[in-house]
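# Examining the three-dimensional arrangement
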There are 2 protein chains.
Amino acid sequence: MNGIKNMVRERLELHGIKPSMQRMAVMEYLMTHRTHPTAEMIFTDLYPDMPTLSKATVYNTLNLLVERGVVRMITIEEKNARFDACMDPHIHFRCRECGAILDVNVEAHWVPAMPAGVTVDMSETYCIGYCAECNQKRVN
Amino acid sequence: MNGIKNMVRERLELHGIKPSMQRMAVMEYLMTHRTHPTAEMIFTDLYPDMPTLSKATVYNTLNLLVERGVVRMITIEEKNARFDACMDPHIHFRCRECGAILDVNVEAHWVPAMPAGVTVDMSETYCIGYCAECNQKRVN
DNA sequence: TTCATTTTTAGAATTATTCTATTTTTATTT
DNA sequence: AAATAAAAATAGAATAATTCTAAAAATGAA
């Protein structure tokens, strides 16, 4: 039995995070929804099944997960932060028109040469333009 | 006489932006301060010399400049947007400890292969870690 | 059980940004 | 130059994402 719950628990414990119900729920949500959700979306979707869930808990949990390097925060959109549990190397694309955020897989992430003494422990690349669908419509 | 004011005016007009006093002031500020300031910082610094300046005008101007591709908006920090008038290829580094944001020059910006039909008109790479000074202190 | 620690919670507080409605400035026409 | 139209700037209110606060609940240890 290697269900999703076990994978979620393992991943939390691996990073020294006690797997409470709420943390498991948020983590499972991120692992099963590759949609780069906002904190709000996560809360709204979990709420019906966890009516005592608080938005503060979602924020607390997301902050903890990001701090511990379990998920990444994506700031490709000024308005609100988005979250991504996929740690495989990939970058994000945002469509100016429809707002969609797409994953784009890459071999490895690009980290340019840094000034002496500077160490990098994470990097993100954001590309912005028009997605295939919106490009179609623009031609007409 | 190729003063800064002329360069500022030219750059605005080149992008079809009417060079009002306020727009010139914001643009000149960005061209002479490579500090990746927030809208707030720009307002606060300009205000003493332009006591009728409104924060809304600073935001309006920055939004216009970004829309027209005259400056870039940097979202390396969730809290507030930062702005950069330097359009030479470079990426940004943020220190986890002291919060400093540094420019790191690169030959050309990395844009990985996109899915068919997707077009990219701008891209940003953000690296996060520890700057040289903070690394020093951490060793001790 | 009792006590201490951690986690969750609701709602208030904060804060960056946008919106609204008005005023000022600039440009155009007579 | 006066009148009109259009664009830009302004003050302050409104919005909304996130954090904070203080209390309650859950967990773990003695």
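Okay, so let's go over this structure. (Residues numbered from 1 in each chain as written. Chains lettered and ligands numbered in written order. Predicted model: local features only at pLDDT ≥ 70, side-chain atom pairs only at ≥ 80, totals over all residues. Heavy atoms only, no water.)

## Some thoughts on the overall build of chain A
- A tally of regular secondary structure across chain A gives five helices and five strands.
- Overall, chain A is about 50 × 45 × 30 Å in size when its C-alpha atoms are taken along their principal axes.
- Split into buried and exposed, the 140 residues of chain A put 43% on the buried side.
- Taking the average place of the 15 positive charges on the side chains of chain A and the average place of its 17 negative ones, the gap between the two points comes to 3 Å. (Helix = DSSP H or I, 4+ residues; strand = E, 2+ residues; numbered from the N terminus. Buried < 20%, exposed > 50% of the residue type's maximum accessible area, 1.4 Å probe, protein only. Lys, Arg positive; Asp, Glu negative; His and termini not counted. Charge placed at Lys NZ, Arg CZ, Asp CG, Glu CD.)

## Some points on the packing of helix 1 (residues 4-14) of chain A against helix 2 (residues 21-32) of chain A
Residues and elements named next belong to chain A.
- At a closest axis distance of 9 Å, the pairing of helix 1 and helix 2 adopts a crossing angle of 110°. Overall, the two elements helix 1 and helix 2 adopt an arrangement that is roughly perpendicular. Both helix 1 and helix 2 take part in a crossing whose hand is right-handed. Mapping the contact onto sequence places Ile4, Lys5, Met7, Val8, Arg9, Arg11 and Leu12 in helix 1 and Arg23, Met24, Met27, Glu28, Met31 and Thr32 in helix 2.
- Of the residues that constitute the contact of helix 1 with helix 2, the class distribution is seven nonpolar, one polar and five charged. (Axes fitted to C-alpha atoms, helices over the stretch in contact; angles between N-to-C directions. Parallel < 35°, antiparallel > 145°, perpendicular 65-115°, else oblique. Left-handed = near helix turned anticlockwise from the far one by under 90°. Contact = heavy atoms within 4.5 Å. Nonpolar A, V, L, I, M, F, W, Y, C, P; charged D, E, K, R; others polar.)

## Regarding the environment of A:Phe83
All names here are of chain A.
- Mapped onto the elements of the fold, Phe83 is located in strand 2 (residues 82-84).
- Judged by its relative accessible area of 4%, Phe83 is buried.
- With 13 residues separating them in the primary sequence, Phe83 and Val70 have C-alpha atoms 10 Å apart.
- When neighbours within four sequence positions are excluded, Phe83 is seen to be in contact with Leu30, His36, Pro37, Ala39, Leu62, Val66, Arg72 and Met73.

## As for the state of the cysteines
- Counted according to the given criterion, the structure contains zero disulfides over all chains.
- Not part of a disulfide, B:Cys131 finds its nearest cysteine sulfur in B:Cys134, a span of 3.7 Å. (Disulfide = S-S within 2.5 Å.)

## Concerning the sheet that holds strand 3 (residues 90-95) of chain A
- Spatially, the six strands line up as an open sheet ordered 4(A)-3(A)-5(A)-5(B)-3(B)-4(B), and their pairing is mixed. What marks the edges here is a single partner per strand, and that holds for strand 4 (101-105) of chain A together with strand 4 (101-105) of chain B. Direction aside, the axes of adjacent strands within the sheet are offset by 30° on average.
- Here strand 3 (residues 90-95) of chain B runs beside strand 4 of chain B; their pairing, made up of five bridges, is antiparallel. Pairing of B:Ile91 across the sheet is with B:Val104, part of strand 4 of chain B. (Pairing = 2+ DSSP bridges.)

## Overview of the relation of the copies chain B and chain A
- With an RMSD of 0.1 Å, the operation that places chain B on chain A is a rotation of 180° combined with a shift of 0.0 Å along the axis. Put plainly, the chains are arranged around a two-fold axis. Considering only C-alpha atoms, the part of chain B nearest the rotation axis is B:Thr125, at 2.1 Å.
- A shared interface surface links the copies, since 100% of the contact residues of chain B are contact residues in chain A too. (Least-squares fit on C-alpha atoms with pLDDT ≥ 70 in both.)

## So, the interface of chain B and chain A
- With 34 residues of chain B at the contact, the number on the chain A side is 34 residues.
- Of the roughly 2,600 Å² buried between chain B and chain A on both sides combined, carbon and sulfur atoms contribute 64%.
- Connecting chain B to chain A are two salt bridges.
- The salt bridge involving A:Arg96 is made with B:Asp121; its shortest N-O contact spans 2.6 Å.
- If you look at where chain B meets chain A, you find 16 residue pairs in polar contact (both at pLDDT 80 or more).
- Among the elements of the structure, strand 3, strand 5 (119-130) and helix 5 (132-139) of chain B are those that each provide at least two residues to the side of chain B that touches chain A.
- A per-element tally of the side of chain B that touches chain A places strand 5 of chain B first, with twelve residues.
- Residues of the side of chain B that touches chain A, tallied by class, amount to 22 nonpolar, eight polar and four charged.
- With eleven bridges joining them, strand 5 (residues 119-130) of chain A and strand 5 of chain B adopt antiparallel strand pairing. (Buried area = accessible area lost by both parts, 1.4 Å probe. Salt bridge = Lys/Arg side-chain N within 4 Å of Asp/Glu carboxyl O. Polar contact = N/O pair within 3.5 Å; in protein donor to acceptor, adjacent residues only side chain to side chain.)

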